[in-house]
Amino acid sequence: QTYTYLYYLAKLININGPTYAINNACASGQYALELANSLLKMNHADIVIVVAGDYAHFTEHLWLSEKGFSSNNGKLAPFTDTSSGSVLGDGVGAIILESETNISRRNAISKAKYINSSFSQDTWRINLPDVTTNSYEKVIKTSLSKYKGKPELVIPHGTGIPLWDKYESNGIKKAFESFRYSVPDVTAFKGYIGHTLGANSLIELILGINIFKNSVIPPITHRTINNSSEYDLPLVNTIIEKEVKSFIKTVAAYGGFNAATIIEKI
């Protein structure tokens, strides 16, 4: 009964406006952020708090293992030849989205700007992507087409499950090449925090925003400079110190939920 979470959270922070529960598997945070953006645009709110939290119940560990998607060595190594599967984790994150008018009125300082999101649903299998529809590639292309410029970083789903990582790698490469763009740096966070299920896309957006602040791109875990790879992407192997002005966060989620979100530094 997810409405109880909304009730207690709204009561705790004294919110009396509209509240929503979103569940689109691993893409939930991006769906919620787009809903928040719509509420602001329709003047239904001046400030929206987007919260995502999840924990790995033992039934989810069992389900992942039964599907053959669990790491056999306890390591989650996205886009790495030695990867054997995913490792679940627990997590919670929150982003406050505010209208530009309200920010100016409060004379507040923002960390980043929400640019756009794109979504699709391939409805083929709960735990396998439909490779014939290119739906993941299409959402990335849609977000790129609505952005005046090229993101300087890609933060993909990166579950460490070889089948899904290869699917993502192919989709990212084709999407950027369709605009005659070279693929920018690609990093992934799940090796640090585990796969946090419904909370992961929002948490990884937050980590991406912190790259703006710190001007440091963390490497993909368990990779080396000499790591031979089947993944034809510019994967980050070591810490890169550089200013990043924009990134695209992408998700190819179970249930066919595909999402791409572009965030820009202010």
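None of the values given here were measured: they were computed from a predicted structure.

**Q** In this structure, what is going on with the packing of aromatic side chains? I would like to understand it.
**A** Here a ring pair, both rings aromatic, is described through the centre-centre distance and the interplanar angle of the planes. This model, assessed by the stated rule, comprises 12 aromatic pairs. Summarising the aromatic geometry, the rings of Trp164 and Tyr254 are spaced 5.4 Å apart at their centres and angled 50° between planes, so their arrangement reads as tilted. Of the two residues, Trp164 sits in helix α6 (residues 162-177) while Tyr254 sits in the loop between β8 (246-252) and β9 (257-265), which places them 90 residues apart along the sequence. Accessibility assignment for this pair places Trp164 and Tyr254 in one class, buried. Aromatic pair Phe212 and Phe247: ring centres 5.4 Å apart, planes at 40°, arrangement tilted. Residue Phe212 is found in helix α8 (residues 200-214), and its partner Phe247 is found in strand β8; the two are separated by 35 residues along the sequence. When its relative accessible area of 0% is taken as the criterion, Phe247 is described as buried.

**Q** Would you mind going over the environment of Glu34 with me for this structure?
**A** Mapped onto the secondary structure, Glu34 falls in helix α2 (residues 28-41). Exposure remark for Glu34: the relative accessible area of 23% places this residue in the partly exposed category. Expressed as a C-alpha distance, the spacing of Glu34 and Ser229, which sit 195 residues apart in the sequence, is 34 Å. In this structure Glu34 touches Tyr114, Ser117 and Phe119, once residues within four positions along its chain are discounted.

**Q** Looking at this structure, I do not really get the packing of helix α5 (residues 135-145) against α6. What am I missing?
**A** When two helices pack together, their arrangement is given by the angle between the helix axes and the distance between those axes. Relative orientation of the contacting elements α5 and α6 amounts to 35°, with a least axis distance of 8 Å. When you trace α5 past α6, the crossing you get is right-handed. For the pair α5 and α6, the contacting residues are Ser135, Tyr136, Glu137, Ile140, Lys141 and Leu144 in the first and Tyr167, Glu168, Gly171, Ile172, Lys174, Ala175 and Phe176 in the second. Looking at the contact of α5 with α6 residue by residue, the classes come out as seven nonpolar, two polar and four charged.

**Q** How should the side chain of Gln30 be read in this particular structure?
**A** Residue placement: Gln30 occurs in helix α2. For Gln30, a relative accessible area of 0% translates into the label buried. For Gln30, the side chain forms a polar contact with the main-chain oxygen of Lys249, separated by 3.1 Å. Sequence-distant contacts of Gln30, defined by excluding residues within four places in its chain, comprise Ser117, Phe119, Ser201, Leu205, Lys249, Val251, Ala259, Ala260 and Thr261.

**Q** Explanation requested: a nonpolar patch on the surface in the structure shown.
**A** Where nonpolar side chains cluster on the molecular surface, the patch consists of Leu9, Leu12, Ile13, Ile15, Ile47, Ile49, Val51, Val92 and Ile96 and spans about 800 Å² of accessible area. Of all the secondary-structure elements, those providing two or more residues to the nonpolar patch are α1 (3-13), β1 (47-54) and β2 (91-98). Here Ile15 shows up in the loop between α1 and α2.

**Q** Would you take a moment to explain the sheet that holds strand β5 (residues 185-186) for this structure?
**A** Note: strands within a sheet are paired through backbone hydrogen bonds, in either parallel or antiparallel orientation. With mixed pairing, five strands are arranged side by side in an open sheet as β3-β9-β8-β4-β5. The open sheet has two free edges, formed respectively by β3 (112-121) and β5, since each of these has just one partner strand. Of the strand pairs in this sheet, strand β4 (residues 153-155) and β8 are connected by two bridges, and their pairing is parallel. Pairing of Ile155 across the sheet is with Lys249, part of β8. Contacting β3, β8 and β9, α5 crosses the sheet at an angle of about 25° to β9. Strand contacts of α8: β3, β4, β8 and β9, with the helix running at about 165° to β8, the strand carrying the most contacts.

**Q** Help me understand the pattern of salt bridges in this model?
**A** Taken as a whole and judged by the stated rule, the model has 11 salt bridges. A salt bridge links Lys166 to Glu230; its shortest N-O distance comes to 3.2 Å. Within this pair, whereas Lys166 is found in helix α6, its partner Glu230 is found in the loop between β6 (216-217) and β7 (240-241), the two being separated by 64 residues in sequence. Take Lys166: its relative accessible area is 39%, and that puts it in the partly exposed class. With a closest N to O distance of 2.8 Å, Glu177 and Lys173 form a salt bridge. A residue pair is termed a helical-turn pair when its members lie 3 or 4 positions apart in one helix, as Glu177 and Lys173 do in helix α6 at four residues.

Analysis parameters
Residues numbered from 1 in each chain as written. Predicted model: local features only at pLDDT ≥ 70, side-chain atom pairs only at ≥ 80, totals over all residues. Heavy atoms only, no water. Phe/Tyr/Trp six-rings, centres within 6.5 Å; stacked < 30°, edge-to-face > 60°. Helix = DSSP H or I, 4+ residues; strand = E, 2+ residues; numbered from the N terminus. Buried < 20%, exposed > 50% of the residue type's maximum accessible area, 1.4 Å probe, protein only. Contact = heavy atoms within 4.5 Å. Axes fitted to C-alpha atoms, helices over the stretch in contact; angles between N-to-C directions. Left-handed = near helix turned anticlockwise from the far one by under 90°. Nonpolar A, V, L, I, M, F, W, Y, C, P; charged D, E, K, R; others polar. Polar contact = N/O pair within 3.5 Å; in protein donor to acceptor, adjacent residues only side chain to side chain. Patch = residues over 30% accessible without salt bridge, like charges linked within 9 Å, V, L, I, M, F, W, Y side chains within 5 Å. Areas by Shrake-Rupley, 256 points an atom, 1.4 Å probe, with all protein chains shown as cover. Salt bridge = Lys/Arg side-chain N within 4 Å of Asp/Glu carboxyl O. Pairing = 2+ DSSP bridges.

These values are about where atoms sit, not about what they do.
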